[in-house]
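Structure assessment
Here is how the chains run, residue by residue.
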Amino acid sequence: MTIRACVVTISSAALLLSAASACSKPSSSDKPLPPLNPRADSLESGFGTMDRLVEAAKKEGALTVVGLPGGWVGYKEIISRFSDKYGIKVTSIVPEASSKQEIDTAARLKGTNQAPDVFDLTLEVAVANAKLFAPYRVTGWADIPDEAKEQRGRWYAAYGGYMSIGYDPRKVPAPASYGALVRPGTIVALPGDPRRVASAFSAVMAASLGNGLPDARGAWTCSRG
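Numbering of residues starts from 1 in each chain and follows the order in which that chain's sequence is written. Confidence filtering applies because this is a predicted model: local features only for residues at pLDDT of at least 70, side-chain atom pairs given and counted only at 80 or more, and all residues used for totals across whole chains, interfaces and linings. No hydrogens and no water enter the side-chain calculation; it runs on all heavy atoms of the structure.

Think of it this way: any DSSP run of H or I at least four residues long counts as a helix, any run of E at least two long counts as a strand, and we number them from the N terminus. Looking only at helices and strands, the chain features eight helices and five strands. Element order for the chain, N to C, with α for helix and β for strand: β-α-α-α-β-α-β-α-β-α-β-α-α. A 1.4 Å probe rolled over the protein chains alone gives each residue an accessible area, and that area as a share of the maximum for its type sets the label: buried under 20%, exposed over 50%, partly exposed in between. For the chain, the residues scored as buried account for 38% of the 225 residues in total. The criterion used for residue contact is that any of the two residues' heavy atoms lie within 4.5 Å. Of the contacts made within the chain by residues no fewer than 6 positions apart, 60% connect residues no fewer than 24 positions apart. In this description, accessible areas are obtained by the Shrake-Rupley approach with a 1.4 Å probe, and a residue is regarded as covered only by the protein chains that are shown. Entry remark: accessible area of the chain is about 13600 Å², with carbon and sulfur atoms responsible for 56%.

Written out as structure tokens, the structure reads:
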């Protein structure tokens with residue numbers, strides 16, 4: 001299983017991306033609006049309304065992202081639509097970067113106008129580097145489970161890959177566990193070599209943990225057999 005975390009650095013345009021993705025709702029019109037503060041840790045405290053955040057982001061006019069390949073989960077279209085809707089130029093650097101490479105790129109470009117504003121990281125890398133990120137709580141913050149976010153708002157788990165078993169009911173009964181896959185006559189197929197393909201590696205690890213022990217070597221042997 002792979003869980004990705006979203007984090008931002010200080011940037012009104014970056015906050016716009018984060019807030020927009022969380023389906024922000026406007027504040028009550030009866031409540032006094034706060035002073036504009038792009039460094040605030042939430043939409044409500046920094047802008048009060050989405051419209052004010054959008055206005056500030058348009059004035060900044062630019063957003064830099066890192067590690068977002070255009071062909072993955074529709075990032076190319078998402079970035080294009082975001083740019084068209086808000087009139088903000090989005091620069092994508094090192095799109096094929098791994099999470100560790102994203103952090104290294106940010107360190108190399110720190111203090112320049114090319115430094116990335118938004119990161120899409122695996123959870124372990126986000127947690128290890130939490131001190132590098134600006135606190136920001138998206139509108140739905142209270143609905144995110146405590147174990148899936150850093151309490152000060154430096155990261156939150158945005159999405160993940162979760163393993164399941166696909167089977168042909170015409171040939172085999174519904175498997176109740178990964179252990180059922182090792183019965184004689186059952187053929188198990190993986191989506192590639194787990195030493196090279198993340199989803200195949202996750203399948204092996206899921207089978208391993210399904211037996212109660214993290215024995216990836218044993219699970220890999222069973223899947224090959």
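That shown, we press on.
Another aspect to go through is helix H4 (residues 75–86). To estimate the expected span of a helix, subtract one from its residue number and multiply by 1.5 Å. Taking 1.5 Å per residue, 12 residues should reach 16 Å; H4 reaches 16 Å between its end C-alpha atoms and fits that length. Of the positions making up H4, those classed as buried are Tyr75, Ile79, Phe82 and Tyr86. Projected down its long axis, H4 shows its buried positions confined to an angular sector of 65°, all on one face. Turned more than 90 degrees away from the buried face of H4, the exposed residues are Lys76, Glu77, Arg81, Asp84 and Lys85. Downstream of H4 by one or two residues, glycine 87 has phi in the positive range, about 65°. This arc corresponds to the set of directions leading from the helix axis out to the C-beta atoms.

Every buried residue belonging to helix H5 (residues 99–109) is among Ser99, Glu102, Ile103, Thr105, Ala106 and Leu109, and all of these are buried. One side of H5 carries all its buried residues, which in axial view fall inside an arc of 160°. In H5, those exposed residues whose orientation departs by more than 90 degrees from the buried face are Lys100, Ala107 and Arg108. In the segment just after H5, glycine 111 is the residue with positive phi, at about 85°.

This part covers unusual backbone geometry. We note that valine 73 has phi near 45°; this positive angle belongs to a residue other than glycine. With respect to the element layout, valine 73 can be found in the loop between strand S2 (62–66) and H4. Positive phi outside glycine occurs at valine 94, with the angle close to 40°. Relative to the helices and strands, valine 94 resides in the loop between strand S3 (89–93) and H5.

What follows is about the side chain of glutamate 102. With respect to the helices and strands, glutamate 102 occurs in helix H5. Glutamate 102 sits in the buried class, given a relative accessible area of 0%. Pairs of N or O atoms are called polar contacts if they sit within 3.5 Å, as long as, within protein, a hydrogen donor faces a hydrogen acceptor (for residues adjacent in sequence, only side-chain-to-side-chain pairs). Among the polar contacts listed, one links the side chain of glutamate 102 to the backbone nitrogen of aspartate 120, at a separation of 3.3 Å.

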